[in-house]
Amino acid sequence: MRELCLVCAGFALEFIVFYAAGIVLVRILKVKGDCSLTFILGYLVYFAVFELVIVPMTLKWVSLTAAAYIWAGIMALVICAAVICTIKKQRRIRAGQTETCSGIFGSISEIWKNHSVMIILAGAVVLLQCLIVIFYEDTTVDAAYYVGTVSTSVYTDTLGRYNPFNGAIQKAFQARYVFSAYPMHNAVWCRLLGIHPIVQAKQVMSCMNVVTANLIIYQIGKRLFDGNRKKADLMLVFVCVLQLFCGTIYSSGTFFFTRSYEGKAILANIAIPAVLMCAVWYLQEKNSRNVWIILFVTAVSALTFSGSAIIFPIVIAAGMAPAAVMNKRFSGLVYCAVCMLPSALYAAVFFACRIGLLRWLHHNTEKEKKKWQGVTNSGNWDCALLMHV
């Protein structure tokens, strides 16, 4: 019962944080959209900022507890900012400065009018997907890594410093994993709420990823069908059926249902579809620069999920370059190149480490040596932070 309560609390709190981050970003960019778009943007910007905050902490040997408290402070500030933005928006509505609104999520009657029975069908599909990812058990090596890294980080109070397969301390960070901070997100929430690592990774965040992926599909459908919400709901259902019949281990559908807590699954079902959403958005609003800002945020957040984000320049080129040409906005090609920079920078660091051109050394004191390795002999310990992979 305790774990069930923690699961519900964790899901609710993380949902609130994502939505709050979305409110702040929407306010800054002045984006017009519904609550589903707000949540999507909040999810993406959350992980983009998390990447920029946690990776330096990891390289600087900051403890998980310290990182969790720092991140909790940032989240508290974001929630406060979101509350302030919401209050100001409601005041403008009452003053007649903006269109009337019946609440954050709109009135029930308005939602029913826009979606009709399709919203029940779409909701049932999302619920079915959540149940599948909760009860399916995957025991691959990757599954062991994504859960094991969270476990070793939580129980040693470190940020990815122990081998998830044997529990031994790693004298060197692996360039393939150190820049992908998604497991540390789960570790931070485990530290803050006391949730068991496997529950946080395979249940709480799996369901959250399912919800986010479906909201992105809904947004794509809504834009493709000129704002027709019923058709967007129906597209969500059809995509679910398509994914259910994915028959190989290399399809996004298989990753979606069986490995939704892994970075590659999030990359395939959230980050890459978000690029498609931006492409359709750009085709409809060719003069909007917000699309490129959101695309850049997506590119940074993709690094958080998996090192496979090294392919993101190809994804951006395939999605956004044709849209720029169709819009006859060749400046869009420049923006495409800018949005490729995060993955290009990661690729440069990765291959530099792989061929031995880059090696960072960190000198630890005797106290740090005893804390992290548990040895008692004296002397300095030089530890390469990035190793060959």
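Scroll up to find the structure this text is about.
Now for a look at the structure at hand. (Residues numbered from 1 in each chain as written. Predicted model: local features only at pLDDT ≥ 70, side-chain atom pairs only at ≥ 80, totals over all residues. Heavy atoms only, no water.)

**Describing the overall build of the protein**
For the record, the criterion: Secondary structure is summarised from DSSP: a helix means a run of H or I of at least four residues, a strand means a run of E of at least two, and numbering begins at the N terminus for each. Only protein chains enter the area calculation, which uses a 1.4 Å probe; residues under 20% of their type maximum are buried, those over 50% are exposed, and those in between are partly exposed. What makes two residues a contact is simply this: any of their non-hydrogen atoms within 4.5 Å. Surface accessibility in these figures is a Shrake-Rupley result with a 1.4 Å probe; residues are shielded only by whichever protein chains are displayed.
The number of helices and strands found in the protein is 16 helices and 4 strands. Sorting the 389 residues of the protein into buried and exposed places 51% on the buried side. Put simply, of all contacts in the protein between residues at least 6 apart along the chain, 73% involve residues at least 24 apart. A total accessible area of about 18,400 Å² is found for the protein, and carbon and sulfur atoms account for 67% of it.

**Things to note about the packing of helix 2 (residues 35–59) against helix 9 (residues 197–224)**
We apply this condition: Axis definition: a line fit to C-alpha positions, over the contact stretch in the case of helices; interaxial angles, taken between N-to-C directions, run 0 to 180 degrees. Comment on the angle field: the value is read as roughly parallel under 35 degrees, roughly antiparallel over 145, roughly perpendicular from 65 to 115, and oblique elsewhere. Handedness of a helix crossing follows the sense of rotation of the near helix relative to the far helix, less than a right angle counterclockwise being left-handed and clockwise being right-handed. Charged residues are taken to be Asp, Glu, Lys and Arg, nonpolar residues to be Ala, Val, Leu, Ile, Met, Phe, Trp, Tyr, Cys and Pro, and polar residues to be all remaining types, Gly included.
Remark: helix 2 packs on helix 9, axes separated minimally by 9 Å, with the N-to-C direction vectors making an angle of 125 degrees. The orientation of helix 2 relative to helix 9 falls into the category oblique. Considering the relative orientation of helix 2 and helix 9, their crossing is left-handed. Residues S36, L37, F39, I40, Y43 and F47 of helix 2 form the contact with helix 9, whose own contacting residues are M205, M208, N209, T212, L215, I216, Y218, Q219 and R223. Taken together, the residues that form the contact of helix 2 with helix 9 break down as 10 nonpolar, 4 polar and 1 charged.

**Some thoughts on unusual backbone geometry**
Here W61, not a glycine, exhibits a phi torsion of approximately 65 degrees, which is positive. The residue W61 is located in the loop between helix 2 and helix 3 (64–94) in this model. Phi is positive for D157, close to 55 degrees, though the residue is something other than glycine. Position of D157 among the secondary structure elements: in the loop between helix 6 (141–156) and strand 1 (173–174).

**Some details on the nonpolar core**
We count it as follows: To define a nonpolar core, start from buried Ala, Val, Leu, Ile, Met, Phe, Trp, Tyr and Cys residues and group those joined through side-chain atoms within 4.5 Å.
Counting 103 residues, the largest nonpolar core has Y43, Y46, F312 and M320 as the members making the most contacts within it. Ranked by residue count, the leading element in this core is helix 2, at 15 residues. In this structure Y46 touches V17, F18, W71, M75, H185 and W189, once residues within four positions along its chain are discounted. One finds A143, Y146, A201 and Y261 within the second-largest nonpolar core, a separate group that totals 6 residues.

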